[in-house]
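Single-letter residue listing:
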Amino acid sequence: MKRDEEIRQEGVLIKILLARSDMTMKELGARIGKSEATVSDVISGKNRSRKTYHLIMNILRERCAEPELAAYESLISNVSDACYGK
């Protein structure tokens, strides 16, 4: 099925960190107390909840290996500030 909209940059970042942490959207949703659909909506940009985004990023920061996370940390900060504020 073709996407109607492109994935937002914070969604791309979440997908990259999910792959690096070897976690599925379903597992991530369970860890933050939300459904897989909610995680999918955050990735696609349909759900712009700052709280949910920060919950997701906190879990992904915990799960990623330190060297990998260091490479993405400035990108995480820039994306978070640009899309959701501090």
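Everything in this summary refers to the structure shown in the same document. (Residues numbered from 1 in each chain as written. Predicted model: local features only at pLDDT ≥ 70, side-chain atom pairs only at ≥ 80, totals over all residues. Heavy atoms only, no water.)

1. Observations concerning the overall build of the protein chain
Secondary structure summary: the protein chain contains five helices and zero strands in total. Listed N to C, the secondary structure of the protein chain is α-α-α-α-α in terms of helices and strands. Burial statistics for the protein chain: of 86 residues in total, 37% are counted as buried. Contacts spanning at least 24 positions in sequence make up 67% of the contacts within the protein chain whose residues lie at least 6 apart. (Helix = DSSP H or I, 4+ residues; strand = E, 2+ residues; numbered from the N terminus. Buried < 20%, exposed > 50% of the residue type's maximum accessible area, 1.4 Å probe, protein only. Contact = heavy atoms within 4.5 Å.)

2. Structural notes on the packing of helix H2 (residues 25–32) against helix H4 (residues 50–63)
Direction vectors running N to C along H2 and H4 enclose 110°, while the axes themselves pass 10 Å from each other. As judged from the angle between their axes, H2 and H4 are roughly perpendicular. On H4, the residues that touch Leu28, Arg31 and Ile32 of H2 are Thr52, Leu55, Ile56, Ile59, Glu62 and Arg63. Along the lines of polarity and charge, the residues of the contact of H2 with H4 split into five nonpolar, one polar and three charged. (Axes fitted to C-alpha atoms, helices over the stretch in contact; angles between N-to-C directions. Parallel < 35°, antiparallel > 145°, perpendicular 65-115°, else oblique. Nonpolar A, V, L, I, M, F, W, Y, C, P; charged D, E, K, R; others polar.)

3. What to know about the environment of Asn47
Within the secondary structure, Asn47 sits in the loop between helix H3 (36–44) and H4. Sequence separation of Asn47 and Ala37 is 10 residues, and the distance between their C-alpha atoms is 9.9 Å. Within polar-contact distance, the side chain of Asn47 engages the backbone nitrogen of Ser49 at 2.8 Å. (Polar contact = N/O pair within 3.5 Å; in protein donor to acceptor, adjacent residues only side chain to side chain.)

4. Digging into H4
Taking 1.5 Å per residue, 14 residues should reach 20 Å; H4 reaches 20 Å between its end C-alpha atoms and fits that length. All of the buried residues in H4 are Thr52, Tyr53, Ile56, Met57, Ile59 and Leu60. Looking straight down H4, one finds its buried side chains confined to an arc of 160°; they lie on one side. Residues of H4 that are exposed and angled more than 90 degrees away from the buried face: Lys51 and Glu62. (Expected span 1.5 Å × (residues − 1). Arc of directions from axis to C-beta.)

5. Overview of the pattern of salt bridges
Applying the stated criterion to the full structure yields two salt bridges. One salt bridge in this structure joins Glu10 and Arg48, with 2.8 Å as the shortest N-O distance. With Glu10 in helix H1 (residues 9–21) and Arg48 in the loop between H3 and H4, this residue pair connects regions lying 38 residues apart in the sequence. Given a relative accessible area of 0%, Glu10 falls into the buried group. Its relative accessible area of 38% is what places Arg48 among the partly exposed residues. (Salt bridge = Lys/Arg side-chain N within 4 Å of Asp/Glu carboxyl O.)

6. Points about the packing of H3 against H4
Interhelical geometry of H3 versus H4 gives an angle of 100° and a closest axis separation of 11 Å. Relative to H4, the element H3 lies roughly perpendicular. Together, Thr38, Val39 and Val42 of H3 and Thr52, Tyr53 and Ile56 of H4 make up the contact between the two elements. A class-by-class count of the residues in the contact of H3 with H4 yields four nonpolar, two polar and no charged.

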